[in-house]
Amino acid sequence: MTHYDVVVLGAGAAGMMAAIEAGRRGRSVLVVDHAKYAGEKIRISGGGRCNFTNVNATAEKGRDRFLSQNPRFSLSALSRYTPEMFIALVEQHGIAFHEKTLGQLFCDGPATQVNTMLLTEMRRAGATLSLQTQIERASKTDDGFALELSTASVTAESLIVATGGKSIPKMGATGLGYQLASQFGLRLTNTRPALVPLTFETGALEKLKPLSGIATDAIVRHGKTAFEEALLFTHRGLSGPAVLQISSFWREGDGIAVDLLPEVDAGERLRRARKETPKLQVQTVVANFLPKKLAQLIGEELNMPGMIGDFSDKKLAEVAAALKDWRLKPVGSEGYRTAEVTLGGVDTRDLDAKTMAARNVPGLFFIGEVVDVTGWLGGYNFQWAWASGWAAGQAA
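A brief report on the enclosed structure follows.

## Overview of the overall build of the protein
Right, on to step 1. When you go through the protein residue by residue, the secondary structure sums to 13 helices and 21 strands.
Right, on to step 2. When the backbone C-alpha atoms are referred to their principal axes, the protein occupies close to 85 × 40 × 35 Å.
Right, on to step 3. Counting the 396 residues in the protein, one finds 56% classified as buried.
Right, on to step 4. Across the protein, every contact between residues at least 6 apart in sequence was considered, and the portion connecting residues at least 24 apart equals 74%.
Right, on to step 5. Roughly 16,900 Å² of accessible area belongs to the protein as shown, and the carbon and sulfur atoms make up 49% of that amount.

Okay, structure coming up:
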């Protein structure tokens, strides 16, 4: 039976980072994953360009950008492994990148460059990678852990669980991390799909279907939370960055509000149109602000025929409200099938924020998506993976 100082379960972003850091400390490390390739979610991320971090994913700027029952839990790791540190690693490997909107950093080339970088660093650190390997059983021993793998039986002083959440099962996502947490006595918070498109009931969907493929800038609100980014109509409902962001806050039974004219005074613009183009239909006027089919839908919902020149201030206010506060009620989401991450997970009350170690199980660590820490869209979840993996790698 082979013994390792550290066994990492999961060869994703967090797992590989933990293996690199543990190996750099001179620890013997085995990384196990049932997938055929390491870093599958890295490979498909960012449309194949990997949005590998966000310059705002820091302990200072990101305080309200990580969702958890304890939003402060992530700050320790984020403060000690910063976006600048990962950027330095990317530059060291000669990977060209660029900043898009809102601090998002993407590779100029394919996302596989990041995988190659991490695998190279793992080899340099002396870590062993075992892919297409099932984890059949894990148990606590006096000296650490015993693991039955599909390929061998191994023991380890430390066990790092980096198995991810339930999102995108076609990429191999399972609930193994949650099962292990429960087995070792750690609590779990409720899990649900996050950063996921929202769906609608049949009647509403029939109205929205003609808009499929149309994108427009919008502010999408749920309660006091709002995101101003692109909104995309799909054949199932709504997607796009603004909707993916709000999906982490939305719950079944809730409605959302959409401002279709961000930064625009719709009332003032309509009053001007009434004066300058009084013989135009309201729908025609609205089509000057929005995609034609979307303007048509808004016009049908308003059901206000006639020329804008005949509209009273009260009627114009109703039109403006429809444009600035369009109310919609999703019935669900596309689920884990397309969710970018899983909200909830291993309860942070049972983990040490500095090391990611289980408080009551010596040598056991949980990192990355399996933990109840979920970032905004745009590189935040990758930075959490790097930071939590680094923290565990420093201690395991």
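## Some details on the sheet that holds strand E3 (residues 51–54)
Right, on to step 1. The three strands are arranged E3-E6-E5 in an open sheet whose pairing can be described as antiparallel. The sheet is open, and its two edges are formed by E3 and strand E5 (97–99), each paired on a single side. When the angles between neighbouring strand axes are averaged without regard to direction, this sheet yields 25°.
Right, on to step 2. Strand direction decides the pairing type here: E5 and strand E6 (residues 104–107), joined by three bridges, are antiparallel. Pairing of Glu-99 across the sheet is with Leu-105, part of E6.
Right, on to step 3. Each of E3, E5 and E6 touches helix H4 (residues 83–92); the most contacted strand, E3, lies at about 140° to it.

## What to know about the pairing of strand E8 (residues 135–140)
Right, on to step 1. One ladder, built from five bridges, connects E8 with strand E9 (residues 145–149); its direction is antiparallel. Looking across to E9, one finds that Arg-137 is bridged to Glu-148.
Right, on to step 2. What sits between E8 and E9 in their antiparallel hairpin is a turn of four residues, with Gly-144 showing a positive phi close to 155°.

## A look at the packing of aromatic side chains
Right, on to step 1. Under the criterion given, the structure shown has twelve aromatic pairs.
Right, on to step 2. Measuring from ring centre to ring centre gives 5.9 Å for Tyr-81 and Trp-390, while their planes differ by 35°; the resulting arrangement is tilted. With a gap of 309 residues between them, Tyr-81 in the loop between helix H3 (75–80) and H4 and Trp-390 in helix H13 (residues 380–395) connect regions that are remote in the sequence.
Right, on to step 3. Between Trp-376 and Tyr-380, the aromatic rings sit 6.1 Å apart at their centres with planes inclined by 70°, giving edge-to-face as the arrangement.

## Let's talk about the sheet that holds strand E14 (residues 225–233)
By way of backbone hydrogen bonds, the strands of a sheet pair with one another, either parallel or antiparallel.
Right, on to step 1. Taken in spatial order, the seven strands make up an open sheet running E17-E16-E13-E14-E15-E12-E18, and their pairing is antiparallel. The sheet terminates laterally at strand E17 (326–328) and strand E18 (332–333), the two strands that pair on one side only.
Right, on to step 2. Both strand E12 (residues 198–199) and E18 contribute to a ladder of two bridges, which runs antiparallel. Residue pairing for E18: Leu-198 is matched across the bridge by Ser-333.

## Some points on the pattern of salt bridges
A side chain with one charge may pair with a side chain of the opposite charge, provided their charged atoms come close.
Right, on to step 1. In total, this model carries 17 salt bridges according to the counting rule given.
Right, on to step 2. With a shortest N-O distance of 3.0 Å, Lys-41 and Glu-369 are connected by a salt bridge. Within this pair, whereas Lys-41 is found in helix H2 (residues 40–44), its partner Glu-369 is found in the loop between strand E20 (364–366) and strand E21 (374–375), the two being separated by 328 residues in sequence.
Right, on to step 3. Its relative accessible area of 18% is what places Glu-369 among the buried residues.

## With respect to unusual backbone geometry
Right, on to step 1. The phi torsion at Cys-50 lies on the positive side, around 60°, for a residue other than glycine.
Right, on to step 2. Among the secondary structure elements, Cys-50 is positioned in the loop between H2 and E3.
Right, on to step 3. According to the relative accessible area criterion, Cys-50 is buried, its value standing at 0%.

## A closer look at the side chain of Asp-5
Right, on to step 1. Summarising the element assignment, Asp-5 is placed in strand E1 (residues 2–9).
Right, on to step 2. Setting aside residues no more than four positions away along its own chain, Asp-5 makes contact with Gly-26, Arg-27, Ser-28, Ala-156, Glu-157 and Ser-158.

## Describing the packing of H4 against helix H5 (residues 112–124)
Right, on to step 1. Viewed as axis vectors pointing N to C, H4 and H5 meet at an angle of 90°, and their least axial separation amounts to 10 Å. Considering the angle they form, H4 stands roughly perpendicular to H5. The segment H4 lies against H5, with Phe-86, Leu-89, Val-90 and Gln-92 engaging Val-114, Met-117, Leu-118, Glu-121 and Arg-124.
Right, on to step 2. Partitioning the contact of H4 with H5 into residue classes produces six nonpolar, one polar and two charged.

## Some remarks on the side chain of Glu-21
Right, on to step 1. Inspection of the secondary structure puts Glu-21 in helix H1 (residues 13–24).
Right, on to step 2. Look at Glu-21 and you get buried, because its relative accessible area is 7%.
Right, on to step 3. Excluding its chain neighbours within four sequence positions, the residues that come into contact with Glu-21 are Trp-390, Gly-393 and Gln-394.

Rules and cut-offs
Residue numbering note: each chain is counted from 1, following its sequence as written. In keeping with the model being predicted, local features are shown solely for residues with a pLDDT of at least 70 and side-chain atom pairs are shown and tallied solely at 80 or more, while totals for entire chains, interfaces and linings include all residues. Hydrogens are left out, water is left out, and the side-chain values use all remaining heavy atoms of the structure. Starting at the N terminus, helices and strands are each numbered in turn, a helix being any DSSP run of H or I of at least four residues and a strand any DSSP run of E of at least two. Three labels apply to residues, based on accessible area from a 1.4 Å probe with only protein chains included: buried if under 20% of the type maximum, exposed if over 50%, partly exposed otherwise in between. Throughout, a residue-residue contact means that at least one pair of heavy atoms, one from each residue, lies within 4.5 Å. Each accessible area is a Shrake-Rupley estimate made with a 1.4 Å probe; only the visible protein chains count as cover when residues are assessed. Only strands joined by at least two bridges in the DSSP assignment are considered to pair. As a rule, the C-alpha atoms of each element are fitted with a line to give its axis, helices using only the stretch in contact, and angles between N-to-C directions run from 0 to 180 degrees. Stacked, tilted and edge-to-face pairs are distinguished by plane angle, under 30 degrees for stacked and over 60 for edge-to-face with tilted covering the rest, among Phe, Tyr and Trp rings (Trp via its six-membered ring) whose centres lie within 6.5 Å. Any Lys or Arg side-chain nitrogen located within 4 Å of an Asp or Glu carboxyl oxygen qualifies as a salt bridge. The cut-offs work like this: below 35 degrees is roughly parallel, past 145 is roughly antiparallel, 65 to 115 is roughly perpendicular, and the gaps in between are oblique. Throughout, the ten residues Ala, Val, Leu, Ile, Met, Phe, Trp, Tyr, Cys and Pro are labelled nonpolar, Asp, Glu, Lys and Arg are labelled charged, and all others, Gly among them, are labelled polar.

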